[in-house]
Amino acid sequence: MIREDLRNVAIIAHVDHGKTTLVDAMLKQSHIFRDNEKVAERVMDSNDLERERGITILSKNTAVMHDGIKINIVDTPGHADFGGEVERVLNMVDGVLLLVDAYEGPMPQTKYVLRKALEQGLKPIVVINKIDRPDQRVHDVEDEVLELFMELEANDDQLDFPVVYASARAGIAKTNMDDEATDLTPLFKVLIDEIPAPEADADGPLQFMVTTLDYDEYVGKIAVGRIVRGKMRPNQPVVVMNGEDTRRAKIGRVYTYNGLNRVETEEATVGDIIAFIGIEDINIGETVADAENPEALPTITIDEPTLSMMFMVNNSPFAGREGEFVTSRHLRDRLYREIQTNVSMKVEDTDSADAFKVSGRGELHLAVLIETMRREGYELQVGKPKVIFKRIQDQMCEPLEYLTIDVPQEFMGTVMESLGVRKAELINMVELAGYLRMEFVIPARGLIGFRSQFLTNTKGTGIMNHVFHGYAPYKGDIPGRTRGALVAFETGETTPYGLNSVQDRGVLFLGANENVYAGQVIGENSRELDMEVNPCKKKHVTNMRSSSSDEAVRLTPPRILSLEQALEWVNDDELVEITPKSIRLRKAILDRSARAKAAKNAK
């Protein structure tokens, strides 16, 4: 059976090339919203963190109607750290819209997501977006895309891809650059003509693969995926299969997608992307099959995590003041709940009941989890991110990243110098309108802490992107942070007078009238070693007057670190304390004398 009334397509691209904006325009032009309905920009980025950062973290499903044909659209993340989301959702679709920026051209993540799509034999349509940019270079970008397809060994059918020129923000598309464009009709037409209609057995026994999980506090777990064979109805008895493990269950309600809404249905058939409730212990990658003739689908393989971090119960002197969930039981439950829906993350128990090892795809992947937990009222402390080494053929190997950097030419020297120290190898260099694009292969260790240094070196004008490249033998030691920490040696409230005497020693991370504890890091020393300081020092009042005594104290504004900056900054002997209201840096050993003894023993 061929479902001519249906098309399933995923939108894939590098971060910030306009995927979510294009889905917005497609929804609006399909009259999903009422004329007087107020619609947010990037309506698919429903999560607060996605809106603030301007990135997609979780893949989303929606559906639009065009000329009586239903188009299921999956909006995927563009960031390398959320690649696990992209790999899974490609199982649900028959084709992809590959979005490429009309100026930037194909970027590392474009290559990564396109490789995954071609491996699954999906039909690609190339959409060159942002053609209204004054610096667009559409024809060059078209050639670069073709080169990328050839490099990834696309088959003849995939190489014969249609190209659509679009401006997602303006809501227009055309198949020829010389045409006038008024709306997205040309894109819809190409999509319907080129993306294959789902073809499978509608009358056979049910097969359904769980690709995404959602959670609702009223109905529990919601499983999302595509019906590969057969039909699904509410209250249908089924078998859930995971390898050799099988268990009987019963489907609850079944939903299809219409615009941004889930619509309850009495029957969904082959090719439909649907969601259902009713099976609480279901997991990603499991097959839901017919109860009489159960047949498992091949399991999904996900790239391994490359970075790990210790998550610990907060044991600082200020523990429990600001958070609602502070015990190891709270922390453990929350982390194990996360890995049910976040398949590219791993959680392991350690020797200590208060510490857990969490592994993910990158700093951003872990930082998003920490930020989410913080907003939910959790209090915790985390250690420095560490890369995960692998033993391959009796050799210790480490993960490498493929790094792409765009910088104005005057900063080329400083960037090359700082990357050289971090064991990066230059692979390619090209010139784009006033910018240099440099491509490197660099150990993942070398990227920890690099972003903030890179932005300082390029005065905020540089752009960097990286994607997992593979494993290679250990490249040797990379020097860590070159500056020491300014550590408070007593508990109290910071005073302008105390901070004034400290600020000449380096850069402060906090201002006056803030509570600190002994062992808390309050700034960065201008020298290599740590320094004990007293930011709580008060001015003693005497009955002697001096000519300069009443001069106002002038404090330099402190450098307030974001969560990612704090994670990049810490050393092995330091921790980041995270509460719903504060991010503090601290020494792992708070007591001065115990810290000195530990440092002596380490040497």
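Since this is a predicted model, take the numbers as computed values, not measurements.

Participant: Break down the UniProt feature "binding site: GTP" (unreviewed entry) in the protein chain for me, with residues and values.
Facilitator: Residues annotated by UniProt as "binding site: GTP" (unreviewed entry) correspond here to Asp16, His17, Gly18, Lys19, Thr20, Thr21, Asn129, Lys130, Ile131 and Asp132. Along the chain, Thr20 turns up in helix H1 (residues 19-29). On the basis of relative accessible area, Thr20 is assigned to the buried category, the value being 6%. Given the relative accessible area of 51%, Asp132 is considered exposed.

Participant: Tell me about the pairing of strand E32 (residues 520-525), residues and numbers included.
Facilitator: Note on strand geometry: in a regular strand, side chains alternate between the two faces of the sheet. Counting buried residues along E32, six of its six residues qualify, which places the element largely inside the surrounding structure. Examined bridge by bridge, strand E28 (residues 485-488) and E32 share three bridges and lie antiparallel to one another. Of the residues in E32, the one forming a bridge with Val487 is Val521. Looking at chain direction, strand E30 (residues 506-508) and E32 are connected through three bridges and run antiparallel. Along E32, the bridge assignment pairs Leu508 with Gly523. Judged from the two bridges that link them, E32 and strand E35 (residues 583-587) form a sheet pairing that is antiparallel. Bridge pairing in E35 places Val521 opposite Leu585.

Participant: Pulling in residues and values, what's your account of a nonpolar patch on the surface?
Facilitator: There is a patch of nonpolar side chains on the surface, built from Phe389, Met396 and Tyr474 and spanning about 270 Å² of accessible area. Along the chain, Phe389 turns up in the loop between strand E22 (386-387) and strand E23 (390-392). Judged by relative accessible area, Phe389 falls into the partly exposed class, the value being 36%.

Participant: Describe the packing of aromatic side chains, with residues and values.
Facilitator: Inspection of the entire model under this criterion finds eight aromatic pairs. With centroids separated by 5.8 Å and ring planes inclined at 70°, the aromatic side chains of Phe468 and Tyr471 adopt a geometry described as edge-to-face. The exposure class of Tyr471 is partly exposed, given its relative accessible area of 22%. Its end group placed over the ring of Tyr402, Lys111 keeps NZ or CZ at 5.7 Å from the ring centre.

Rules behind the numbers
Residues numbered from 1 in each chain as written. Predicted model: local features only at pLDDT ≥ 70, side-chain atom pairs only at ≥ 80, totals over all residues. Heavy atoms only, no water. UniProt positions renumbered as here; feature names shortened; annotations may be inferred. Helix = DSSP H or I, 4+ residues; strand = E, 2+ residues; numbered from the N terminus. Buried < 20%, exposed > 50% of the residue type's maximum accessible area, 1.4 Å probe, protein only. Pairing = 2+ DSSP bridges. Patch = residues over 30% accessible without salt bridge, like charges linked within 9 Å, V, L, I, M, F, W, Y side chains within 5 Å. Areas by Shrake-Rupley, 256 points an atom, 1.4 Å probe, with all protein chains shown as cover. Salt bridge = Lys/Arg side-chain N within 4 Å of Asp/Glu carboxyl O. Phe/Tyr/Trp six-rings, centres within 6.5 Å; stacked < 30°, edge-to-face > 60°. Lys NZ or Arg CZ within 6 Å of the ring centre and 35° of its normal.

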